[in-house]
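Overview (structure and organization)
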Amino acid sequence: MAIDFKTKSYSGHFPEIWRGEAKILPGGFKPIQEIPIGTVLHRAVPIYCNFDELSAAICKTATVLAGGTTTKPRVPKGHLFFVGDSVTKHGDYSKLVVITGIDKTNAEYDTLTLQSAYTGLTEKDILVEGKSEGEGENAKISTAYEPNMIVGAEKEFDGKGLPTIDAAYEALVLIPSLDFPMLPEWLGGNGVFLKNNPKITYIKQ
């Protein structure tokens, strides 16, 4: 009897890692964030790994597209923002706004619904998941996480088994294949490698 190995593929996505080669850390990392069932986590997504807790957090960004508003910005498909995330604008960090809804009905883009308007938000701005530390006038807004690893193996969250992430500590990432912008402060060597892990290298070929 012949054995039929069934594979699952995701259309419209180019390989993120050159020749598919990535070195994976032993053991899986439990996601810090709540990840909805049906989410597909592609390779090369930047993550922050906490080795003491064996946990991982997705480092989320998205570029604002034309045509939206300051309360309903449009972002490209492939982003990893979810309802309940708090976002701020890269380089501004003056405000933290909660995502209360995501409209995915358009084939070209998704529309985020923000709890309140992010004044001054325009096309090509970068939204990033943020956090606030301190209270009142002393509160400081910054990015929620800074990556030190990347996702090494594609993961679909289907509600079955352990929802762990395979983290890669070494790989050659093809920048044009990424669905999200990498923040300049996450990179070192003029954008050649991940600042917190020089073994993750980025090329634009």
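First things first, this report covers the structure right here in the doc. Bear in mind that the values here come from a model prediction, so they are computed numbers and not experimental data.

The rules behind each value
Residues numbered from 1 in each chain as written. Predicted model: local features only at pLDDT ≥ 70, side-chain atom pairs only at ≥ 80, totals over all residues. Heavy atoms only, no water. Helix = DSSP H or I, 4+ residues; strand = E, 2+ residues; numbered from the N terminus. Rg over C-alpha atoms; globule rule 2.2 N^0.38 Å. Buried < 20%, exposed > 50% of the residue type's maximum accessible area, 1.4 Å probe, protein only. Contact = heavy atoms within 4.5 Å. Areas by Shrake-Rupley, 256 points an atom, 1.4 Å probe, with all protein chains shown as cover. Lys, Arg positive; Asp, Glu negative; His and termini not counted. Charge placed at Lys NZ, Arg CZ, Asp CG, Glu CD. Core = buried A, V, L, I, M, F, W, Y, C linked by side-chain atoms within 4.5 Å. Phe/Tyr/Trp six-rings, centres within 6.5 Å; stacked < 30°, edge-to-face > 60°. Lys NZ or Arg CZ within 6 Å of the ring centre and 35° of its normal. Pairing = 2+ DSSP bridges.

If you tally the helices and strands in the protein chain, you get zero helices and 18 strands. The C-alpha atoms of the protein chain give 18 Å as radius of gyration, which agrees with the globular expectation for 205 residues (17 Å, within 12%). Each principal axis of the C-alpha atoms in the protein chain carries an extent, and together these give about 65 × 35 × 35 Å. By the burial criterion, 42% of the 205 residues in the protein chain qualify as buried. For the protein chain, long-range pairs separated by at least 24 residues make up 66% of all intrachain contacts whose partners lie at least 6 apart in sequence. For the protein chain, the computed accessible surface area is about 11,600 Å², with 52% contributed by carbon and sulfur atoms. Across the protein chain, 21 positive and 25 negative side-chain charges occur, with their mean positions spaced 3 Å apart.

A separate point is the nonpolar core. It is characteristic of soluble globular proteins that their nonpolar side chains tend to be buried jointly. Among the nonpolar cores identified, the biggest contains 34 residues, and Leu41, Ile47, Ile150, Met182 and Tyr202 are the most heavily contacted of them. Only β4 (46-50), β5 (55-58), β11 (126-133), β13 (149-151), β15 (167-174) and β18 (197-203) provide two or more residues apiece to this core. The element that contributes the greatest number of residues to this core is β15, accounting for four residues. Beyond its immediate stretch of four places on either side in the chain, Ile47 contacts Ala56, Ala57, Ile58, Cys59, Pro147, Asn148, Met149, Ile150, Val151, Ile165 and Ala167. The next biggest cluster of nonpolar side chains, apart from the first, holds twelve residues, and it includes Phe81, Val87, Leu114 and Tyr118.

Moving on, we get to unusual backbone geometry. Phi is positive for Arg19, which is not a glycine, with a value near 60°. Among the structural elements, Arg19 can be located in strand β1 (residues 17-24).

The final tally for this structure, using the stated rule, is two aromatic pairs. Ring plane angle 90° and centroid distance 5.6 Å describe the contact between Phe29 and Phe51, whose orientation is recorded as edge-to-face. Of this pair, Phe29 sits in the loop between β1 and β2 (30-31) while Phe51 sits in the loop between β4 and β5, and the two are 22 residues apart along the sequence. Centre to centre, the rings of Tyr48 and Tyr145 are 6.4 Å apart; their planes meet at 15°, and the pair counts as stacked. A residue pair is termed long-range when its members are at least 10 positions apart, and Tyr48 in strand β4 and Tyr145 in the loop between β12 (140-143) and β13 qualify at 97 residues. On the basis of relative accessibility, which here comes to 23%, the residue Tyr145 falls in the partly exposed class. Here Lys155 stacks its cationic end above the ring of Phe157, 5.7 Å away from the centre of that ring.

Another aspect to go through is the environment of Ala56. Within the element layout of this structure, Ala56 appears in strand β5. C-alpha of Ala56 to C-alpha of Glu170: the two residues are 114 residues apart in sequence and 16 Å apart in space. If we skip the residues at most four places from it in the chain, Ala56 touches Phe29, Lys30, Pro31, Ile32, Gln33, Ile47, Tyr48, Cys49 and Ile165.

Here we take up the pairing of strand β8 (residues 86-89). Neither face of β8 is open: one carries Ser86 and Thr88, the other Val87 and Lys89, and all of them are buried. Relative to strand β9 (residues 97-103), β8 runs antiparallel, the two being bridged by two bridges. Following the sheet pairing, Ser86 is matched in β9 by Val98. The sheet contact formed by β8 and β11 spans three bridges and is antiparallel. Residue pairing across strands places Val87 opposite Glu129, the latter belonging to β11.

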